[in-house]
Amino acid sequence: MIENKYAWDFAEKMICEAVDVAEADGTHFSYREVLNMVHHVCEDAGKGYSSMSQDVMNCRLTEIDAINGAIVEQAKLYNVKVHYNSLIVDLIHAIEGAYQYHKDGK
């Protein structure tokens, strides 16, 4: 992901939104430190696939609601805009909703 400028840019925006939500909740993080930490995790993961990616590849429900969905729900409490996290939740649910077509086509 970090090698793809567009994917990393999107991830950065989601991370910054998550930090904004944490700040609104009273937990303080440095944007730069969090971005660097996530970047290092991605570097360490190498060419592996995340559990959510593996879920999608195997037509299983993902943990999107427990991760980005939780950010979206918490953001509502503080009226924090989280457009990117909301979008990724909707996109992943759209993919999950299409599983039936993938399974029927096999």
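Report on the accompanying structure. These numbers were taken from a predicted model, which means no experiment stands behind them.

1. A short note on the packing of helix α1 (residues 5-24) against helix α2 (residues 31-45)
No. 1: Packing of α1 against α2 leaves a shortest axis separation of 10 Å and a crossing angle of 135°. Put simply, α1 runs oblique to α2. Crossing of α1 over α2 shows right-handed handedness. Taking contact as the criterion, the partners of Trp8, Glu12, Ile15, Cys16, Val19 and Asp20 in α1 are, on α2, Tyr31, Val34, Leu35, Val38, His39 and Cys42.
No. 2: When grouped by side-chain class, the residues that make up the contact of α1 with α2 number nine nonpolar, one polar and two charged.

2. Concerning the nonpolar core
No. 1: Counting eleven residues, the largest nonpolar core consists of Met14, Val21, Met52, Ile64, Ile71, Val72, Ala75, Val82, Ile88, Val89 and Ile92.
No. 2: When contributions to this core are tallied by element, the ones reaching two or more residues are α1, α4 (68-78) and α5 (83-97).
No. 3: Those residues in contact with Val72 that sit more than four places away from it in its chain are Val82, Asn85, Ser86 and Val89.
No. 4: With seven residues, the next largest nonpolar core counts Trp8, Ile15, Val34 and Cys42 among its residues.

3. Observations regarding the state of the cysteines
No. 1: Scanning all chains against the criterion turns up zero disulfides.
No. 2: The cysteine Cys16 is free of any disulfide, with Cys42 supplying the nearest cysteine sulfur at 14 Å.
No. 3: Judged by relative accessible area, Cys16 falls into the partly exposed class, the value being 24%.

The rules behind these values
Residues numbered from 1 in each chain as written. Predicted model: local features only at pLDDT ≥ 70, side-chain atom pairs only at ≥ 80, totals over all residues. Heavy atoms only, no water. Axes fitted to C-alpha atoms, helices over the stretch in contact; angles between N-to-C directions. Helix = DSSP H or I, 4+ residues; strand = E, 2+ residues; numbered from the N terminus. Parallel < 35°, antiparallel > 145°, perpendicular 65-115°, else oblique. Left-handed = near helix turned anticlockwise from the far one by under 90°. Contact = heavy atoms within 4.5 Å. Nonpolar A, V, L, I, M, F, W, Y, C, P; charged D, E, K, R; others polar. Core = buried A, V, L, I, M, F, W, Y, C linked by side-chain atoms within 4.5 Å. Buried < 20%, exposed > 50% of the residue type's maximum accessible area, 1.4 Å probe, protein only. Disulfide = S-S within 2.5 Å.

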